[in-house]
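Okay, here's what each chain looks like letter by letter:
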Amino acid sequence: MTTTPNDPTTALPGRPPVVDLAAWQTARDELLVREKAHSREGDALAAARRRLPMVELDGTVEVVGPDGPVPFLDLFQGRNELVVYKHMWHDGAPHQGQCEGCTTTAWHVKDAVYLNARGVSLAVLTSGLWDEVASYVEFMGYTQPWYSVRGVEAPVGGGMGHIVSFLRDGDRVFLTYSTTGRGNEPVNGSLSLLDMTPYGRGEAWEDDPEGWPEGLSPCWSWRSDADGNATWGPTSRPVPQWTRPGSTPVVTLGRHGHHH
């Protein structure tokens, strides 16, 4: 039996109708048609991405890592493909004052074993001074290779907050692709899972059912107090940092702690 939202015996305030499994399956199958079209368009976009023209760059340009300055070519680790995440940096900020959005992305790619198995290397680049970066990486427990590209021109350096792909052919290096805006989302599996949940991401721009519950915190903040409440206040820090040993609920942020 199919019920309607205004059926007082089964309706839940501010939620879609309650139906039996067969009616749900029918609606689910109708949505599947659109999902399959979306998947095929995504495949077509990926095919077009592989056909973008390339830009050659100087692979000997130096970046700074745990062993000091190294040529960008070293980041390929002998492989032919390299994906980098460009992590924003707030100079002089305490660990908990770094970018919550970039922390989110970096946390979702803490290692690259599956990429490596496919012949792709991964590195995180940031504009911070190496000494600050090294301390932060140790604090967070990251296992990816991190490098400072401070003062390095684009496309190795330049603007932060993007995913960038490179191709190597011997000693020649080429820029092949870079994200913009929400292009980083595919790396963040939490966003994809939230998109499958009833309440979604909690973003103001989301198209929600009429009367949907209010007050859910936008997931993009990814910054909370010790109790998990989303906030940018003086006791906040990017969410993964609450998992660090010795993390404490009372924190005094530096002058950069208000960045979001």
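Attention here is on the structure that accompanies the text. In this text, all values refer to a predicted model and were calculated from it rather than measured experimentally. (Residues numbered from 1 in each chain as written. Predicted model: local features only at pLDDT ≥ 70, side-chain atom pairs only at ≥ 80, totals over all residues. Heavy atoms only, no water.)

## So, the nonpolar core
Membership of the largest hydrophobic core comes to 20 residues, with the highest contact counts inside it found for Phe-72, Leu-75, Leu-82, Leu-125, Val-156 and Phe-166. For this core, the elements supplying multiple residues, two or more each, are strand 4 (81-87), strand 5 (120-126), strand 7 (163-169) and strand 8 (172-178). Dropping the residues within four chain positions of it, Phe-166 is found in contact with Leu-57, Phe-72, Phe-76, Asn-80, Glu-81, Leu-82, Val-84, Pro-155, Val-173, Phe-174, Leu-175 and Thr-176. The next biggest cluster of nonpolar side chains, apart from the first, holds 10 residues, and it includes Ala-106, Val-124, Met-140 and Trp-146. (Core = buried A, V, L, I, M, F, W, Y, C linked by side-chain atoms within 4.5 Å. Buried < 20%, exposed > 50% of the residue type's maximum accessible area, 1.4 Å probe, protein only. Helix = DSSP H or I, 4+ residues; strand = E, 2+ residues; numbered from the N terminus. Contact = heavy atoms within 4.5 Å.)

## Here's the deal with the side chain of Thr-105
Structurally, the position occupied by Thr-105 is in helix 2 (residues 100-108). Excluding residues that lie within four positions of it along the chain, Thr-105 makes contacts with Tyr-85 and Val-187.

## So, the packing of aromatic side chains
Each aromatic ring pair is characterised by the separation of its centres together with the angle its planes make. For the coordinates displayed, the defined rule picks out seven aromatic pairs. Judged by centre distance (6.1 Å) and plane angle (85°), the rings of Phe-72 and Phe-76 are edge-to-face. Assessed through its relative accessible area of 0%, Phe-76 is described here as buried. Ring plane angle 75° and centroid distance 4.9 Å describe the contact between Phe-72 and Phe-166, whose orientation is recorded as edge-to-face. Remark: Phe-166 occurs in strand 7 and Phe-72 occurs in the loop between strand 3 (68-71) and strand 4; sequence separation between them is 94 residues. Across the pair, Phe-166 and Phe-72 agree in class, each one buried. Three or more aromatic residues joined by ring pairs form one cluster here, namely Trp-89, Trp-107, Tyr-136, Tyr-142 and Trp-146. Positioned above the aromatic ring of Trp-107, the side-chain terminus of Lys-110 is 3.8 Å from the ring centre. In this arrangement the basic side chain of Arg-237 is found over the ring face of Trp-242, its NZ or CZ atom lying 4.5 Å from the centre. (Phe/Tyr/Trp six-rings, centres within 6.5 Å; stacked < 30°, edge-to-face > 60°. Lys NZ or Arg CZ within 6 Å of the ring centre and 35° of its normal.)

## A few points about helix 4 (residues 130-140)
All of the buried residues along helix 4 are Trp-130, Val-133, Tyr-136, Val-137 and Met-140. The buried residues of helix 4 occupy an angular sector of 125° when the element is viewed end-on, so they sit on one face. Facing away from the buried side of helix 4 by over 90 degrees, the exposed positions are Asp-131 and Glu-138. Residues of helix 4 that are buried in the fold lie against strand 2 (62-65), strand 4, helix 2, strand 5 and strand 6 (146-148). Backbone geometry just after helix 4 places Gly-141 at a positive phi near 75°. (Arc of directions from axis to C-beta.)

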